[in-house]
Amino acid sequence: MIVSVWRFSHLLFAIISSLFLLIASVTGVILAVEPISNKMESYSISGADELSLAETLENINTKYEEVLAVKRDRNGFVSATVIIDGNNDEFYIDPFTGDKLGNLIQKKPLFQFATNLHRSLFLKSTGRFLIGFASFLLILISISGIVLIAKRQGGYKQFFAPVVRENFSQYNHVVYARFSLIPLLVLAITGVYLSLLRFDVIPDSQVSLQVDFDSIQEEPFKEYTEFDLFETTPLSELRELEYPFSEFVEDYYIIRLKDKELYLNQVTGDILAEEKHPIVQVMSSWATVLHTGEGSILWSMVLGLGSLAIPFLTVTGFMVYFKRPKTKVANEYSKNESEYVILVGTEGGTTLQFAQELHKQLLLSGKKSHLALMNQYSLFKKMEHLVVITATYGQGEAPASGEKFIQLVKKNQQKQAFDFSVVGFGSTAYPNFCQFAYETHEVLKASNNSTALEEVFTVNDQSFESFTNWCSIWSKQMGLPIKLKKPKLITSSKPASTFKVIYKAELPEDDTFLLSLKNLNGSKPVSGDLLSVVPAEGARERLYSIGKLNSDTLLISIRRHEKGLCSNYLYQLKQDAKLTAIVVNNRNFHFPKHSRKTVFIATGTGIGPFLGMIQENIKRTEIHLYWGAKTKDAFNLYKDYIETALQEGKLTDFKTAYSRQQSEKIYVQHLIERDKDLFLEVLKKKGCIMICGSIAMQKEVLQELQQLSNKYLNKDLSYYQNRKQIKMDCY
Ligand SMILES: Cc1cc2nc3c(=O)[nH]c(=O)nc-3n(C[C@H](O)[C@H](O)[C@H](O)COP(=O)(O)O)c2cc1C
């Protein structure tokens, strides 16, 4: 079944049952306290469970004038019903002495109230039905939730792998759903079972023992303490024992043990009748224990926490749904009259906003543009230019609005010639970066009358800058002057900070330079975060990876482009000049706290964030840095940092690959096979490999790592990526 159907079912069941589930969960949390508080009463006597029934009865019989019954409850508390001074009384006893320990626990009014509300909403049968139905829906919500998490994580094997954090509600909904899955499923299944039992859909079969009174013997007489059953049965097995009503031999002991019920001749000790509890009764008993937590503090706590998760999951689930930008599209021009068609593959809705902006600008340029979802691919009679903008989900799969695209393209072959362009939205935090965009490109390339304008253009982490880069290339090809505005939801809401330039370092022979900046106010970045700089009013933002040198000083490494607006703006900043910029959290690229062995791989300016991470390595954990550049000279810019770090033990070793230094070209990826023992050890020992630099280098490096992983570790590289052992920030 496709993701959208699972998601729709998950949401629908949640909406229908939310009110009842909320009531059941709040009362459930209260009721989870009851068995805990009962169990904590001091009526349990250590070692009593090993007493035999014979010993227990003897201890009680000597203490009281007449005993009517003895019980042992799920908490292990033993109670006796006795006659004292002609009056019936029932209380907890010490099975070793028969002494009274205390009165029976009475249900507190709060627990009584919560029980009634929990079981029937004070609506009798109607309420019981509603709660039972809500429990059934909770089973369906759990199942659809399991499927959705598996899809999100890229398969059932990855179900418990770390979750990539997108936003608060999405992340916590998945994380807490996984924690509470087992107790919630147990509560839901047992809840449904108990409801079916209550409505007699499951017949509650009871033991019905028959006694053959004609064959009851009065001889040989035995003391009850010598009855085999009493001697061999430990107290731990007992549920209830009723004494014979009179001394006539026709009256007998009625004994309910954990697994069976039997009648015992009071004179000879012979078993008169015996029967195992029917399976329904055993199941009902288990269902009650599992649903209420009776008798176990630990399980009651697990159930209480599971119940507590329901309101949290309801709120975060609805937040995920309502915060999702809507994917409804209204069009001025129909699909058959438009020359431009833009198709969107989205799940969270952000990609649609980028597409909407492009669509808007095309309309403003006087073009007939039609915007639709990828699943609406059909024959577009006048289409000349197709743009597909798509996200990727799961393990490189289609987003919800693009699930049917590939089939549809194969089915609907366009009659007229058209060119197409595919923009992939994705995140390098996931194993298969923009995979679905590549598949989209291939299927379009293979379809009739199509011409690919360029290879797939990828956009990492919804970067508006990258998207505008693609747009300027594409619009030039179209001969259109298009300038995009940043979609509202994408605009960073973080306040800007002011930085003072402390120094600028550059090399005459190279086009890269370093800026050291002092943070005068505002946020406190971590190495690996990004600095968003807007070089001029109305210009696009540019992002630079931050290396943090100390509490208020950062370093950014910049490549200067001849006509680059931002790189030249930064280049002309003099010492003490002020710079206003926004720090963007890039949590997927922070130094791993618990990694004991880390490898950094960078090319060119990609070394920037690593200089900060190395500087901060005061624990001196093992760090190996691989760096690639064209020539040796480029290193001079970073020489001091690296040499000092090596001397101070903050950097274990530094290995370089200079592509133009010698006749044969050496790139960082070539060093991986050479140093495979180190890379394999890092992966095996839960270390981390961090990659920063160009996307082209990232691809090559991942390919090398994939080969090592397949060949020597027998695992797909995604296994390590999902465990956050591979972190990337490439551009
Ligand atoms: C559960 C989940 C799985 C993802 N899987 C991938 C993936 O395999 N490859 C990738 O490049 N991006 C992946 N992404 C990132 C999204 O493609 C990216 O955030 C995209 O911008 C989301 O666009 P949308 O809001 O329009 O759906 C994933 C995101 C989520 C939430």
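See above for the structure.
Residues numbered from 1 in each chain as written. Predicted model: local features only at pLDDT ≥ 70, side-chain atom pairs only at ≥ 80, totals over all residues.

Novice: Would you mind going over the site of the ligand with me for this structure?
Specialist: With respect to spatial proximity, 23 residues lie near the ligand, and among them Gly 348, Thr 351, Ala 391, Gly 426 and Tyr 430 are the closest. For the shell around the ligand, the elements supplying multiple residues, two or more each, are helix H9 (350-364) and strand E12 (418-426). Tallied by class, residues from the shell around the ligand come to seven nonpolar, 13 polar and three charged. (Near = placed C-beta within 6 Å. Helix = DSSP H or I, 4+ residues; strand = E, 2+ residues; numbered from the N terminus. Nonpolar A, V, L, I, M, F, W, Y, C, P; charged D, E, K, R; others polar.)

Novice: Before we go on, may I ask you to explain the nonpolar core in this structure?
Specialist: For soluble globular proteins, nonpolar side chains are generally found buried alongside one another. In terms of nonpolar packing, the biggest core is built from 60 residues, with Leu 531, Ile 556, Phe 600, Ile 601 and Phe 610 touching the most fellow members. Residues Ala 398, Phe 405, Phe 420 and Val 422 belong to the second largest nonpolar core, which totals 43 residues. (Core = buried A, V, L, I, M, F, W, Y, C linked by C-beta atoms within 7 Å. Buried ≥ 20, exposed ≤ 12 C-beta atoms within 10 Å, placed from the backbone.)

Novice: I keep staring at the packing of helix H1 (residues 3-39) against helix H8 (residues 297-323) and nothing clicks. Help me out?
Specialist: For any two helices packed against each other, the geometry is given by the interaxial angle and the distance between the axes. Relative to each other, H1 and H8 sit at 155°, their axes nearing to 8 Å. The orientation of H1 with respect to H8, classified from their angle, is roughly antiparallel. Considering the relative orientation of H1 and H8, their crossing is left-handed. In this structure, H1 contributes Leu 11, Ala 14, Ser 18, Leu 21, Leu 22, Ser 25, Gly 28, Val 29, Ala 32, Pro 35, Ile 36 and Lys 39 to the contact, and H8 contributes Ile 297, Ser 300, Met 301, Leu 303, Gly 304, Ser 307, Leu 308, Ile 310, Pro 311, Thr 314, Gly 317 and Tyr 321. Considered class by class, the residues forming the contact of H1 with H8 number 15 nonpolar, eight polar and one charged. (Axes fitted to C-alpha atoms, helices over the stretch in contact; angles between N-to-C directions. Parallel < 35°, antiparallel > 145°, perpendicular 65-115°, else oblique. Left-handed = near helix turned anticlockwise from the far one by under 90°. Contact = placed C-beta atoms within 7 Å.)

Novice: Honestly, the pairing of strand E15 (residues 497-506) in this entry has me stumped. Any pointers?
Specialist: Residues in a regular strand point their side chains to alternate faces of the sheet. Sheet analysis places E15 next to strand E21 (residues 578-584), joined by four bridges and oriented antiparallel. Residue pairing across strands places Ser 497 opposite Ala 581, the latter belonging to E21. Of the strand pairs in this sheet, E15 and strand E16 (residues 512-519) are connected by seven bridges, and their pairing is antiparallel. Within E16, the residue paired with Tyr 503 across the bridge is Ser 516. (Pairing = 2+ DSSP bridges.)

Novice: I'm lost on helix H18 (residues 695-713) in this one. Help?
Specialist: Helical geometry note: an α-helix holds 3.6 residues per turn, so side chains three or four residues apart project in the same direction. With 19 residues, H18 extends 25 Å between its outermost C-alpha atoms, agreeing within 8% with the 27 Å of an ideal straight helix rising 1.5 Å per residue. Listing the buried residues of H18 in full gives Met 697, Gln 698, Val 701, Leu 702, Glu 704, Leu 705 and Ser 709. Within H18, the buried residues cover an arc of 165° as seen down the axis, which keeps them to one side. Facing away from the buried side of H18, by more than 90 degrees, are the exposed residues Ala 696, Gln 703, Asn 710 and Lys 711. (Expected span 1.5 Å × (residues − 1). Arc of directions from axis to C-beta.)

Novice: Just to check I follow, could you spell out the sheet that holds strand E2 (residues 78-84) for this structure?
Specialist: Sheet strands pair by backbone hydrogen bonding; their relative direction is either parallel or antiparallel. Strand order in the open sheet made by the eight strands is E4-E3-E2-E1-E5-E6-E7-E8, with antiparallel pairing throughout. Of all the strands in the sheet, the pair left with one neighbour each is strand E4 (100-103) and strand E8 (271-276). Mean inter-strand twist for the sheet, computed between neighbouring axes without regard to direction, equals 25°. Where strand E3 (residues 87-93) lies against E4, three bridges are found, and the strand directions are antiparallel. Within E4, the position partnered with Phe 91 by the bridge is Asn 103. Along the sheet face, helix H2 (residues 53-63) touches strand E1 (66-72), E2, E3 and strand E5 (238-242) and points at about 135° away from the line of E1.

Novice: Would you mind going over helix H3 (residues 109-120) with me for this structure?
Specialist: Relative to the 16 Å expected for twelve residues at 1.5 Å per residue, H3 spans 16 Å between its end C-alpha atoms, a close match to the ideal helical length. Those residues of H3 hidden inside the fold are in contact with H1 and helix H4 (124-153). Backbone geometry just after H3 places Leu 121 at a positive phi near 55°.

Novice: Looking at this structure, I do not really get the pairing of strand E11 (residues 385-391). What am I missing?
Specialist: Across the seven residues of E11, seven count as buried, placing the element largely inside the fold. Covered by surrounding structure in E11 are His 385, Val 387, Ile 389 and Ala 391 together with Leu 386, Val 388 and Thr 390, the residues of both alternating faces. Relative to E11, strand E9 (residues 340-345) is paired through six bridges, and the arrangement is parallel. Counterpart to Val 341 in the pairing with E11 is Leu 386. Bridge count for E11 against E12 is seven bridges, and the pairing is parallel. By the bridge assignment, His 385 is partnered in E12 with Asp 419.

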